[in-house]
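Here's the letter readout for the chains.
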Amino acid sequence: MRSSAKPAAMIIAAGLTLAAGAAAAQDALGHAVNWQTGFQAATTEVADRTHGVHSVLLVIITIITLFVVALLGYTCFRFSAKNNPEPRRFTHNTLVEVVWTIVPVIILAVIAGPSIRLLYFQEEIPPADITIKGVGHQWNWEYTYPLADDQEINFTSIMLEKDEAEAEDLPWLLATSDPLVVPVGKVVRLQLTASTVIHAWTVPSFGVKMDAVPGRLNETWFRPDVVGTFYGQCSELCGKDHSFMPIMVKVVPQEEYDAWVAENLAALDGGDQPTRLAEAR
Ligand SMILES: [Cu+2]
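Residues numbered from 1 in each chain as written. Predicted model: local features only at pLDDT ≥ 70, side-chain atom pairs only at ≥ 80, totals over all residues. Heavy atoms only, no water.

A. Up close: a nonpolar patch on the surface. On the surface, a nonpolar cluster with roughly 360 Å² of combined accessible area is contributed by Ile64, Phe67, Val68 and Leu71. By the element assignment, Leu71 lies in helix α2 (residues 45–78). (Patch = residues over 30% accessible without salt bridge, like charges linked within 9 Å, V, L, I, M, F, W, Y side chains within 5 Å. Areas by Shrake-Rupley, 256 points an atom, 1.4 Å probe, with all protein chains shown as cover. Salt bridge = Lys/Arg side-chain N within 4 Å of Asp/Glu carboxyl O. Helix = DSSP H or I, 4+ residues; strand = E, 2+ residues; numbered from the N terminus.)

Structure representation (structure tokens):
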């Protein structure tokens, strides 16, 4: 037993090192890296708390799995035809049945507490600092920022082709033409819908995944605590280019966000609307 435990421990240690390295490597990137096993670094409280619940569940699941495997192994060995040629004929054991009903109920009740608390935290949108409307098209995301005086900034994020992404040193298949721009530390309310089929707006670093459904307005929110560029992908199979409608979010300081809004508004006033309408891919 002892000799086989050592390689297993080494494999686990190597896996953890790999995961830690991958997590550290992607901190600055806002997207997953090859061979990454853990989550992308959390940059919102929702993501942080989601990871917390996941960590607790992982421990509980691991203990249960090991317990069941051990029981199974013991049963296979102890009650095999060879070791137990004369099987006993009873079919019920009240004590065992009570235990295997009550214990799972207690475990589920313990899991339900933090899980439901997190669900409420995710679902209750705090007072929003900015609101953005997102529309999923086949196959790109259109964003609208409603602003004062009936003005709005409207543009469509289209995935960069490989050469375009490489020219800008951005990750291909994740980088888009015009990214979403949001201020750091502010509550962003995102209202989502879709034009033809269901899509899902997902950014793992924010812990956000919300369906965009035609004829329906779904709301979600995020408050990014870290400046940087974060990526996600459509997460609801939506057609042939489902893999090619990524999400790119630039989280910038408030001044930079204000300047970005002013720049786009100035362009609107000059009649030179920066709107980039969806080009059919
Ligand atoms: Cu999709």
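Now that the structure has been shown, the text picks up again.
B. Quick peek at the coordination of the copper ion. Taken together, the protein donors to the copper ion comprise Cys234 (SG), Glu236 (O), Cys238 (SG) and His242 (ND1), at separations of 2.0 to 2.6 Å. Of note is the copper ion, whose four donor atoms meet at the metal with angles of 87 to 129° in an arrangement that counts as tetrahedral. Read in sequence order, the donor residues for the copper ion give the motif C-x1-E-x1-C-x3-H. The class for Glu236 is partly exposed, based on a relative accessible area of 29%. (Donors = N, O, S within 2.8 Å, 3.2 Å for Na, K, Ca; no water. Tetrahedral: all angles 85-135°; square planar, octahedral: opposite > 155°, others 65-115°. Buried < 20%, exposed > 50% of the residue type's maximum accessible area, 1.4 Å probe, protein only.)

C. Region of interest: the pattern of salt bridges. Within this structure, the stated rule accounts for four salt bridges. When the shortest N-O distance is used, the salt bridge between Glu45 and Arg223 registers 3.2 Å. With Glu45 in helix α2 and Arg223 in the loop between β8 (218–222) and β9 (228–232), the pair connects residues that are 178 residues apart, well separated along the chain. One salt bridge in this structure joins Glu219 and Arg189, with 3.7 Å as the shortest N-O distance. Residue Glu219 is found in strand β8, and its partner Arg189 is found in strand β5 (residues 188–194); the two are separated by 30 residues along the sequence. Accessibility expressed as a relative area gives 27% for Arg189, which makes it partly exposed. By sharing partners, the salt bridges in this structure join Glu45, Arg49 and Arg223 into a single network.

D. Representation of a negative patch on the surface within the structure. A cluster of like negative charges, contributed by Asp163, Glu164, Glu166 and Glu168, occupies part of the molecular surface. Examined against the element boundaries, Glu164 turns out to sit in helix α4 (residues 162–167). (Lys, Arg positive; Asp, Glu negative; His and termini not counted. Charge placed at Lys NZ, Arg CZ, Asp CG, Glu CD.)

E. Fine view of the sheet that holds strand β1 (residues 130–137). Taken in spatial order, the five strands of this open sheet run β3-β2-β1-β5-β8, and their pairing is mixed. The strands lining the two open edges of the sheet, one partner per strand, are β3 (152–157) and β8. Put simply, the sheet's adjacent strands are angled 25° from each other on average, direction ignored. Relative to β3, strand β2 (residues 140–146) runs antiparallel, the two being bridged by six bridges. Directly across from Pro146, in β3, lies its bridge partner Glu152. (Pairing = 2+ DSSP bridges. Axes fitted to C-alpha atoms, helices over the stretch in contact; angles between N-to-C directions.)

F. Local environment of the sheet that holds strand β4 (residues 180–183). With respect to topology, three strands assemble into an open sheet ordered β4-β10-β9, the strand pairing being mixed. Looking along the sheet, the strands with just one partner apiece sit at the ends: β4 and β9. The average angle at which neighbouring strand axes cross in this sheet is 25°, direction not considered.

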